[in-house]
Amino acid sequence: MNFEVIKEDVGSEARLGRLETAHGTVDTPVFMDVGTLGSVKALEPRDLAELGTQVVLGNTYHLLLRPGPEVIAAAGGLHRFMRWDGPILTDSGGFQVFSLARMRKFTEEGCRFNSHLDGHEFFLGPKESMAMQRTLGSDIAMVFDECLPYPCDRARAEASVARTVRWAERCRGEPRADGQQVFGIVQGGIYDDIRRRCAEELVKIGFDGYAVGGVSVGEPEEEMYRAVEASVPYLPKDRPRYVMGLGVMRQMAECVARGVDMFDCVIPTRIARHGTAITRSGNIAIKAAKYAFDQGPVEEGCECYCCRTFSRSYVRHLLACGEILGLRLLTIHNVWALNRFMADMRAAIAAGTFGEFRRELPPA
RNA sequence: GCGGGAGUAGAUCAAUUGGUUAGAUCAACAGAUUGUGAUUCUGUGGGUUGCGGGUUCGAGUCCCGUCUCCUGCC
């Protein structure tokens with residue numbers, strides 16, 4: 001078994017878990033940092049270790065376009081290429097084909113699309129995605145799926161999900177790297193019964209873990225929770241569950257309460273580069289004029305390197321000038337803030353106080 | 001002292017033979033961002049067109065005076 005549930009919350013579906021991978025053990029619930037191109041933007045592997053990051057994401061689509069499988073293979077896989085010894089999860093490219101590629105054409109075999117970089121034509125399907133993820137050598141590979149837009153009519157959702165399930169089955173049968181796990185992805189848009197059926201079909205195929213995909217694509221927040229509620233209960237309790245693309249504290253806590261164990265999101269690193277700091281009491285735009293003379297840390301009480309060392313005034317100055325150190329310092333803070341948040345959530349579940357933890361979170 | 005040139009938003013510059021509410025780009029400020037977009041997107045504020053007169057239905061534009069800066073000459 002790759003996954004062990006250590007403790008279950010009594011007042012919710014939250015659970016404390018431990019996920020074994022070929023590159024180490026992951027404590028769940030966990031937030032995973034997105035490192036699309038083989039780098040968590042602005043951070044080095046040693047930073048990630050210090051910040052408490054457990055898993056780094058890589059991306060099949062992006063790494064296929066650049067630098068390409070040959071370069072990764074020559075390095076001996078993504079771990080060695082980027083010098084990160086910890087667990088790596090690779091996204092299949094399904095979402096990127098949906099969100100980035102131009103001129104895409106779907107067939108039963110996959111998707112032909114043009115690179116968003118230079119228009120060069122590529123083809124990605126279950127076979128190609130798994131081959132690339134094998135080359136990357138990730139600890140966890142995701143199946144190649146089709147991410148539905150929002151809104152999406154029922155007929156299209158049904159047809160798409162049927163194909164996503166067929167693709168999942170093909171992915172399951174493809175060769176993989178040593179010790180590589182494969183996670184299935186539940187789709188179905190906002191249609192509860194389609195999601196349920198998708199989950200059940202995936203469970204029949206049997207995966208090492210299961211993800212809920214196709215959320216936070218523009219639907220209202222309530223719909224997102226409904227999508228999770230329509231998926232998670234039909235997934236095995238002894239397998240890790242992963243909601244893809246979520247990284248807002250309250251949303252993650254709400255999903256944990258619904259039985260989710262893993263998350264990833266570009267939010268903490270992206271908004272850091274745009275000048276916003278994540279704090280327990282909400283996001284703050286450090287670039288704001290009101291912080292120009294503020295000698296306090298980005299977040300009061302935070303123990304990250306940025307907050308221990310620098311003032312809001314200085315970080316604001318760096319961001320205002322476009323100094324890359326500003327991006328880096330805020331990224332350090334935001335990554336730390338989310339890792340700390342998840343650690344606190346795990347501690348709360350362990351202590352049986354998750355209910356209070358959840359209630360004390362700010363509403364927005 | 002004399003000649004020439006230039007004064008328009010915080011900055012750099014536009015504005016048809018004089019013609020609607022003087023624009024653009026940076027900067028500033030605010031917001032956005034959910035399986036990645038640092039150098040991105042959206043929005044907002046900002047002007048006694050150096051100052052004072054004059055001509056005209058109408059002046060950033062033409063005329064007179066004046067101030068400042070640049071430049072050349074003595």
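It should be emphasised that the depicted structure is a prediction, and the values quoted were computed from it without experimental measurement.

Scoring rules and cut-offs
Residues numbered from 1 in each chain as written. Chains lettered and ligands numbered in written order. Predicted model: local features only at pLDDT ≥ 70, side-chain atom pairs only at ≥ 80, totals over all residues. Heavy atoms only, no water. Salt bridge = Lys/Arg side-chain N within 4 Å of Asp/Glu carboxyl O. Buried < 20%, exposed > 50% of the residue type's maximum accessible area, 1.4 Å probe, protein only. Helix = DSSP H or I, 4+ residues; strand = E, 2+ residues; numbered from the N terminus. Polar contact = N/O pair within 3.5 Å; in protein donor to acceptor, adjacent residues only side chain to side chain. Contact = heavy atoms within 4.5 Å. pLDDT = per-residue confidence, 0-100. Pairing = 2+ DSSP bridges. Axes fitted to C-alpha atoms, helices over the stretch in contact; angles between N-to-C directions.

Structural notes on the pattern of salt bridges
Right, so step 1: A full pass over the atoms with the stated rule returns 28 salt bridges.
Right, so step 2: A salt bridge links Asp238 to Arg239; the nearest nitrogen and oxygen atoms lie 3.9 Å apart.
Right, so step 3: By relative accessible area, which is 36% here, Asp238 ends up partly exposed.
Right, so step 4: Linking Arg258 and Glu254 is a salt bridge whose minimum nitrogen-to-oxygen distance equals 3.0 Å. Across the pair, exposure class does not vary: Arg258 and Glu254 are buried alike.
Right, so step 5: Linked by salt bridges that have partners in common, Arg154, Glu158, Asp193 and Arg197 make up one network.

Some thoughts on the side chain of Asp208
Right, so step 1: Take Asp208: it is sitting in the loop between α8 (192–205) and β12 (209–212).
Right, so step 2: Here Val182 takes part through its backbone nitrogen, which lies 2.7 Å from a polar atom of the side chain of Asp208.
Right, so step 3: Ignoring any residue separated from it by four or fewer positions in sequence, one finds Asp208 in contact with Asn2, Arg172, Arg176, Gln181, Val182, Phe183, Arg239 and Pro240.

Brief notes about unusual backbone geometry
Right, so step 1: Arg66 connects to Pro67 through a cis peptide bond whose omega is 5°.
Right, so step 2: Tracing the chain through its elements places Pro67 in the loop between α2 (60–65) and α3 (69–75).
Right, so step 3: In the segment running from Tyr150 into Pro151, the intervening peptide bond is cis, with an omega of 0°.
Right, so step 4: Turning to its location among the elements, Pro151 is positioned in the loop between β10 (140–142) and α7 (154–173).
Right, so step 5: Here Ala42, not a glycine, exhibits a phi torsion of approximately 80°, which is positive.
Right, so step 6: Among the structural elements, Ala42 can be located in the loop between β4 (30–34) and α1 (45–51).
Right, so step 7: Residue Ala42 is classed as partly exposed on the basis of its relative accessible area, which comes to 34%.
Right, so step 8: Even without glycine at this site, Arg83 takes up a positive phi of about 60°.
Right, so step 9: Within the fold, Arg83 resides in the loop between α4 (78–82) and β6 (88–91).

Digging into the confidence of the model for chain A
Right, so step 1: In the predicted model, chain A carries a mean pLDDT of 95, and the fraction of residues at 70 or more is 99%.
Right, so step 2: The complex prediction reports pTM at 0.93, with the ipTM value standing at 0.90.

A word on the sheet that holds strand β8 (residues 110–114)
Right, so step 1: Pairing is antiparallel in the open sheet, where three strands are placed in the order β7-β8-β9. Two strands lie at the open edges of the sheet, namely β7 (102–107) and β9 (121–124), each paired on one side alone. In this sheet, neighbouring strand axes are inclined to one another by 15° on average, regardless of whether the strands run parallel or antiparallel.
Right, so step 2: Relative to β8, β7 runs antiparallel, the two being bridged by four bridges. Following the sheet pairing, Thr107 is matched in β8 by Gly110.

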